[in-house]
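Here is how the chains run, residue by residue.
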Amino acid sequence: MFDITKEQLKGIYHINDETLHLYEQAIEDSNAEFRVYDEIREYNQLKVLAAFQAERISDSHFTNSSGYGYGDIGRDALDRVYARVFNCESALVRPHFVNGTHAIGAALFGNLRPGDTMLSICGTPYDTLHNIIGIGGNKNIGSLSEYGVKYKQIDLNKNLKIDLPSVKEQLENDKTIKLVHIQRSTGYGWRKSLLVSEIGEIIAYVKELRPDVICFVDNCYGEFIDTIEPTDVGADLIAGSLIKNIGGGIAPAGGYIAGKKSCVEQAAYRLTIPGIGGECGSTFGVMRLLFQGLFLAPHVAIEAVKGAIFCARIMELAGFEVLPKYTDKRSDIIQAIKFNNKENLIQFCKGIQAGSPIDSFVECEPWDMPGYNDQVIMAAGAFVQGSSIELSADAPIREPYIAYLQGGLTFDHAKIGTLISLAKIIK
Ligand SMILES: *Cc1c(COP(=O)(O)O)cnc(C)c1O
């Protein structure tokens, strides 16, 4: 670290000497790991660039449309660019998806029918999906369950891996299973994210038993952390949020779905309405930002991963248990830190808030959030509200008090935020 930076950190943020000492050690240890992700970043940048060029993207794709939005060439071209990036038949990228949950919901509602069963094989899905499925406790909201779509779940085994014998048993014995739900990222769970290669093995296993079953992957937080995506290894359908990795910090809102043409089309009928699908929807002039965000995403996602690796190492050096460890191979941008202590957890999140470019003067506190069952504390001082490709930390307030850190449009910022947080705890 440059001495001048050290003085700044001490002067502006009162970072103590112990934290600065750990900083230097953590950077030194992380450097070899960073190089692995530099290579992935370069590969993905090439992949995205080539997709833009193959679709001959030009200034004319950034124009506006209104009303029905028929023939919105920017919208349709971005769908094709995404399909190339994901190496799949079709994609649906829309600012009309209010978030990732909405995109996932459209994918599920579009592809499941009354009497079908959805089988989650990574344990309980991400918290905000519970009300879509009908296991969230809210009644009379039009969940899948109210429409007669059944739900089954197979928990991870004691090694936190997918329980293949149970998957086999379910697929062989329950012919109503129409869709298998796989979650790439950890969500609020103390487990490792699934590598794309592992997802590929699971899909091959499922398809061997039941080629008719749709393999759906919740790809939130996973994009561009590897050189391949779930659609490269057989996923029929994936979905994610544009205010995470793939929006590159530039997309102001939205979600995407990608995969087999038939599956994406069914989902499109739920985004809009049967018979209309993806052919309508004016884009209000945001297409340039969605294109530009995708273009920057391979870079930004790796900045965030570097932030996570650094955080893993420095928090481990400071004596906390972390998952993944700094040397573990990653498949998402999430870093979990176990505090075993409510106060340290809250201080950590407050530090991230204090280090934000926006709303740094605000103290975040635990509160009840729609879609979540426990109180949640969220530190997010973002340019785009709630964007978690920007540096953010959140935690359900429950034992053993685990904070989930993610994002950072620049590695430098992710580092500064982590240092402020750690200094608050060490003091
Ligand atoms: C963030 C996330 C979602 C939901 O995305 P939102 O944009 O917050 O609605 C779903 N699944 C996983 C694994 C996520 O991380």
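Residues numbered from 1 in each chain as written. Predicted model: local features only at pLDDT ≥ 70, side-chain atom pairs only at ≥ 80, totals over all residues. Heavy atoms only, no water.

**Remarks on unusual backbone geometry**
Working step 1: The amide bond that connects Leu 323 to the next residue, Pro 324, takes the cis arrangement and shows omega of -5°.
Working step 2: Summarising the element assignment, Pro 324 is placed in the loop between β8 (321-323) and β9 (335-338).
Working step 3: Residues other than glycine seldom take positive phi values, yet Arg 56 does so here, at roughly 50°. (Helix = DSSP H or I, 4+ residues; strand = E, 2+ residues; numbered from the N terminus.)

**Looking at the packing of helix α2 (residues 17-54) against helix α3 (residues 73-85)**
Working step 1: The interhelical angle for the contact between α2 and α3, taken along N-to-C directions, is 140°, at an axis separation of 9 Å. In terms of their interaxial angle, α2 and α3 are classed as oblique. In this structure, the crossing between α2 and α3 has a hand that is right-handed. Taken together, the residues of α3 that come into contact with α2 (itself represented by Lys 47, Val 48, Ala 51, Phe 52 and Ala 54) are Val 81, Arg 84 and Val 85.
Working step 2: Partitioning the contact of α2 with α3 into residue classes produces six nonpolar, no polar and two charged. (Axes fitted to C-alpha atoms, helices over the stretch in contact; angles between N-to-C directions. Parallel < 35°, antiparallel > 145°, perpendicular 65-115°, else oblique. Left-handed = near helix turned anticlockwise from the far one by under 90°. Contact = heavy atoms within 4.5 Å. Nonpolar A, V, L, I, M, F, W, Y, C, P; charged D, E, K, R; others polar.)

**Some points on helix α7 (residues 196-209)**
Working step 1: With 14 residues, α7 should cover 20 Å at 1.5 Å per step; its first-to-last C-alpha distance of 20 Å lies within 8% of that length.
Working step 2: Among all positions in α7, only Val 196, Glu 198, Ile 199, Gly 200, Ile 202, Ile 203 and Val 206 are buried.
Working step 3: Its buried side turned inward, α7 meets α6 (164-173), β4 (177-183) and β5 (214-218). (Expected span 1.5 Å × (residues − 1). Buried < 20%, exposed > 50% of the residue type's maximum accessible area, 1.4 Å probe, protein only.)

**Focus on the sheet that holds strand β11 (residues 392-396)**
Working step 1: With respect to topology, five strands assemble into an open sheet ordered β8-β9-β12-β11-β10, the strand pairing being antiparallel. Edge strands, defined here as strands with exactly one partner in the open sheet, are β8 and β10 (376-380). Taking each pair of neighbouring strands and ignoring which way they run, the sheet shows an average axis angle of 20°.
Working step 2: Here β8 runs beside β9; their pairing, made up of three bridges, is antiparallel. Looking across to β9, one finds that Glu 321 is bridged to Lys 338.
Working step 3: Against the sheet, helix α9 (residues 287-317) touches β8, β9 and β12 (402-406), its axis set at about 15° to β9.
Working step 4: Along the sheet, helix α10 (residues 342-354) contacts β9, β10, β11 and β12; its crossing angle with β10, the most-contacted strand, is approximately 25°. (Pairing = 2+ DSSP bridges.)

**Some points on the pattern of salt bridges**
For side chains of opposite charge, pairing can occur when their charged atoms come near one another.
Working step 1: By the definition in use, this model includes 25 salt bridges.
Working step 2: Across the salt bridge formed by Lys 350 and Glu 363, the nearest N and O atoms sit 2.8 Å from each other. With a gap of 13 residues between them, Lys 350 in helix α10 and Glu 363 in the loop between α10 and β10 connect regions that are remote in the sequence.
Working step 3: For Lys 350, a relative accessible area of 10% puts it in the buried group.
Working step 4: Overall, Glu 363 belongs to the exposed group, its relative accessible area being 55%.
Working step 5: Each of Asp 29, Arg 313, Glu 316 and Lys 325 takes part in one network of salt bridges that share partners. (Salt bridge = Lys/Arg side-chain N within 4 Å of Asp/Glu carboxyl O.)

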